[in-house]
Structures are given as structure tokens and as C-alpha cells.
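Overview (structure and organization)
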Amino acid sequence: PAIREEAGKPVKASASCDADRPKKRPDAVRVLFVTPECVPFASSGGLGEVAGSLPKKLAEHDDIDCRVIMPLYGAIGCQWRSQMEYLGNKFIPVAWRSKYMGVFRLEKDGVTYYFIDNEEYFKREGLYGYYDDCERFAFFSRAVFEALPIIGFDPQILHANDWQSALVPIYQDTIYHRNVRTIFSIHNVEYQGRYGTEVIRDVLGLPEGADHLVEYMGDANLMKGAIETANIVSTVSPTYAQELKDPFFSFGLDPIIRRNAFKLCGILNGIDTDSNDPATDKNIPFNYDITNFEEGKAKCKEALQDKFGLNKDGSPVFAMVSRMVG
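Residues numbered from 1 in each chain as written. Predicted model: local features only at pLDDT ≥ 70, side-chain atom pairs only at ≥ 80, totals over all residues. Heavy atoms only, no water.

Attention now goes to the layout of surface pockets. Within this model, the second largest pocket holds a volume of roughly 440 Å³. Along its surface, the second largest pocket is lined by 18 residues, and Ile284, Pro285, Tyr288, Cys300 and Leu304 are the ones closest to its centre. In the lining of the second largest pocket, the residues fall into 11 nonpolar, 2 polar and 5 charged. (1 Å grid on protein atoms, 1.4 Å probe; cavity = no way out; pocket = protein on both sides within 12 Å on 5 of 7 lines; lining within 4 Å. Points joined across faces, edges and corners; volume = space filled by probe spheres on them. Nonpolar A, V, L, I, M, F, W, Y, C, P; charged D, E, K, R; others polar.)

Structural data, given as C-alpha cells:
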């Protein structure tokens, strides 16, 4: 059914946001993990894996209240939508525009997930790669702040990830000024959110005097702005943190990263040992554990060779998990 704004005020659901949440200590650290993708809802790669596993692990601790917020993409299927609870809606600013924002909630594995709804921006086949990506994720970043009164959560830490949410620490510094600390994690420095400088006023809606935060090498660079404004800049390993200071690896951002090296740290990504357990993994042809791993790995290798028509002559099989880009 259509949802309408009444007298300029958000329409809210009557159900309590926190009715069935796991109990946390009163002094638990409140973290809102801001991500453009998350397993198992909608994901294109490593960031989605981290967003799906790290908050779930943090939620096991009663002194951390970690929740996740992401866009409600068209790719998110009915099996998840049927479990969502509608919380409310309002119209929010995107530069000079006023855009509808709906907010939905879902509980899974002890984690609360919030979904930002706007069909104009997110009801599409894919996640990224559209002509208006800058506007789409400017909307999402504004929505992170604008949704807080609706979800009834007051985070102490906003953890933004990659260029799609790079505007979160920028908006915190220039527009919202909440009592919150910001972390910005770089998962892939090649994709920086670079656009023409005309977007600063027309799409980002930054106030006068803030242009310098995102201006870089003749462009508007959202990742550059996030590095400048976030309280902490993290990345996916200690090695990668050092590599980002090198022009060879940093795709032009090394001067900015070196200048902000005092707040840079590398935290090695782990894996979700539940979903990646070969003893229970339903995606492999033969399950195995420490007691029979040689037999199990051999059978899985043989099935892979059969599937792709590879010679079974004892040759090793190498696998690489990576984007197919230069």
C-alpha cells in the first residue's frame, strides 16, 4: 500500500523497535555499521562478506551493540522482505531535492539490520554502476542520519565502508555534528567515488566552505573526504595499510593517506567459520573435517576437475578470489 507523509511528520509503525532484541549491558558500546552491501541480503564481493560476518561476531558480546544499515535493493528477495518490519518514513534532503525515505528492520543471528527504502534509487537489477550512483549514495548517507530518530538508536560509533558510504564522516563533520565518532574502512582503494566538482553543490549538498574536503586533483573525491574527516581510517590488513602509502598501490591517494597516517590502522580480515565450515558446507560435493580432510579435499578437487573438464593427472589446482580487473 502507498505510504504518505502526514503534515510533514514521519509516519511510524506502532511496533517497538527493540521488543525482541538480545539484551545488552546498559554501558554497551553502540555501533552502527554502514555498508552498501551485506551477505546474505545483497553482495558483490569482500565488503559484503565482512558486513555479514563482523557485526554477527560482535553481537556475541554483551558489551557491544552493533547494528547494520544498508539500502533496500531490488535484489533483496521476498524471503527477507517477508521478515522485515516497517518502522516509518519521512522525506529527506539530497542537496536541493526532497526524497522519500522508508525504514525497515530485520533481526537475524542476533544482529539488527535496517534497510533504507527508496525505489527510485534502489529498485534496480544491480547494486552499482549506474549514471546516478553519486546521488544514490549521497541519499543513502543522508538517510543514515535522518533514520536515527525513526529506529530509536543513538550510536556512539558510525562505521562507514568504501566510497559508497564515504559521505557519512563528511556529513557528520559538516552538517549533523552528532556526538559520535566515525570510522572509515577502505576495502578497495581503486574505487574512490570520483565525480566532477559540480556534484559538490548539486548532489552532495555540502555547506559553503566545505568544498575543500572533497576536492582533489580537479575532481570531487568522496574517499578523499572520508579520509580527511573520519576519526579513524582502517583497512583490511596491516600490510594493505602500509601499501596504501605507496603511489604504486594507492591510485593517487597516497599523499592524503600519508598525511592522515596518524589515524590509519590495518586490521586483518577474518572469515566466517560457520558459513565456511567444510564439515557442514552445502555448496561442496563432499563434507570433511580434521579427521578426513585429505580424502575430502581430494574428492572435492576431483568433482571440480570433472565440472570444468580438467585433466585428473595429479596436477595441482590453483584458485584465486579476486575481481577480474587490471
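Taken together, the side chains of Leu304, Phe308, Leu310 and Val317 make up a nonpolar region of the molecular surface, amounting to roughly 350 Å² of accessible area. Its location among the elements puts Phe308 in helix H12 (residues 293-308). (Patch = residues over 30% accessible without salt bridge, like charges linked within 9 Å, V, L, I, M, F, W, Y side chains within 5 Å. Areas by Shrake-Rupley, 256 points an atom, 1.4 Å probe, with all protein chains shown as cover. Salt bridge = Lys/Arg side-chain N within 4 Å of Asp/Glu carboxyl O. Helix = DSSP H or I, 4+ residues; strand = E, 2+ residues; numbered from the N terminus.)

Looking now at the pairing of strand E5 (residues 97-108). Counting buried positions along E5 yields 9 of 12 residues, so the element is predominantly enclosed. One ladder, built from 9 bridges, connects strand E4 (residues 85-94) with E5; its direction is antiparallel. When the bridges of E5 are listed, Pro93 appears paired with Ser98. Connecting the antiparallel pair E5 and strand E6 (residues 111-117) is a turn made up of 2 residues, with Asp109 showing a positive phi of about 55°. (Buried < 20%, exposed > 50% of the residue type's maximum accessible area, 1.4 Å probe, protein only. Pairing = 2+ DSSP bridges.)

In this structure the tally under the stated criterion is 23 salt bridges. Note that Asp27 is salt-bridged to Arg25, the shortest N-O span being 3.0 Å. Between Lys108 and Asp109 there is a salt bridge, with its nearest N and O atoms 2.8 Å apart. Take Lys108: its relative accessible area is 23%, and that puts it in the partly exposed class. Accessibility expressed as a relative area gives 45% for Asp109, which makes it partly exposed. Salt bridges linked by common partners bring Glu85, Arg105 and Glu107 together as one network.

Looking now at the sheet that holds strand E9 (residues 194-195). In spatial order, the strands read E9-E11-E10; together these 3 strands make up an open sheet with antiparallel pairing. At either end of the open sheet lies a strand with only one pairing partner, and these are E9 and strand E10 (215-216). Looking at chain direction, E10 and strand E11 (residues 219-221) are connected through 2 bridges and run antiparallel. Of the residues in E11, the one forming a bridge with Glu215 is Ala220. Seen against the sheet, helix H8 (residues 222-229) touches E10 and E11 and runs at an angle of roughly 50° to E11. (Contact = heavy atoms within 4.5 Å. Axes fitted to C-alpha atoms, helices over the stretch in contact; angles between N-to-C directions.)

What follows deals with the pairing of E6. Burial analysis of E6 places 7 of its 7 residues in the buried class, the great majority of the element. Across the two faces of E6 the burial is the same, with Val111, Tyr113, Phe115 and Asp117 and Thr112, Tyr114 and Ile116 all buried. Relative to E6, strand E3 (residues 64-71) runs parallel, the two sharing 4 bridges. Bridge pairing links Val68 to Tyr113 in E6.

Before going further, it helps to spend a moment on the packing of aromatic side chains. Aromatic ring pairs are defined here through the distance separating the ring centres and the angle between the ring planes. A full pass over the atoms with the stated rule returns 15 aromatic pairs. The interplanar angle of 45° and the centroid separation of 5.0 Å between the aromatic rings of Tyr121 and Phe139 together place this pair among those described as tilted. One end of the pair, Tyr121, is in helix H3 (residues 119-122); the other, Phe139, is in helix H4 (residues 133-146), and 18 residues separate them in sequence. Classification of Tyr121 by relative accessible area gives buried; the value is 0%. Measuring from ring centre to ring centre gives 5.6 Å for Phe137 and Trp163, while their planes differ by 75°; the resulting arrangement is edge-to-face. In this pair, Phe137 sits in helix H4 while Trp163 sits in the loop between strand E7 (157-161) and helix H6 (167-176), placing the two residues 26 residues apart along the sequence. The same class applies to Phe137 as to Trp163, namely buried. An aromatic cluster of three or more residues is present, and its members are Tyr73, Tyr121, Phe122, Tyr128, Phe137, Phe139, Trp163 and Tyr195. Above the face of the Tyr130 ring, Arg124 is positioned so that its terminal group lies 4.9 Å from the ring centre. The lysine or arginine in question, Arg142, covers the ring of Tyr171, its NZ or CZ lying 5.4 Å from the ring centre. (Phe/Tyr/Trp six-rings, centres within 6.5 Å; stacked < 30°, edge-to-face > 60°. Lys NZ or Arg CZ within 6 Å of the ring centre and 35° of its normal.)

As for its position among the elements, Asp162 is in the loop between E7 and H6. Judged by its relative accessible area of 9%, Asp162 is buried. Ignoring sequence-local partners within four residues, the contact set of Asp162 consists of Leu47, Phe184, Ser185, Ile186, His187, Asn188 and Met223.

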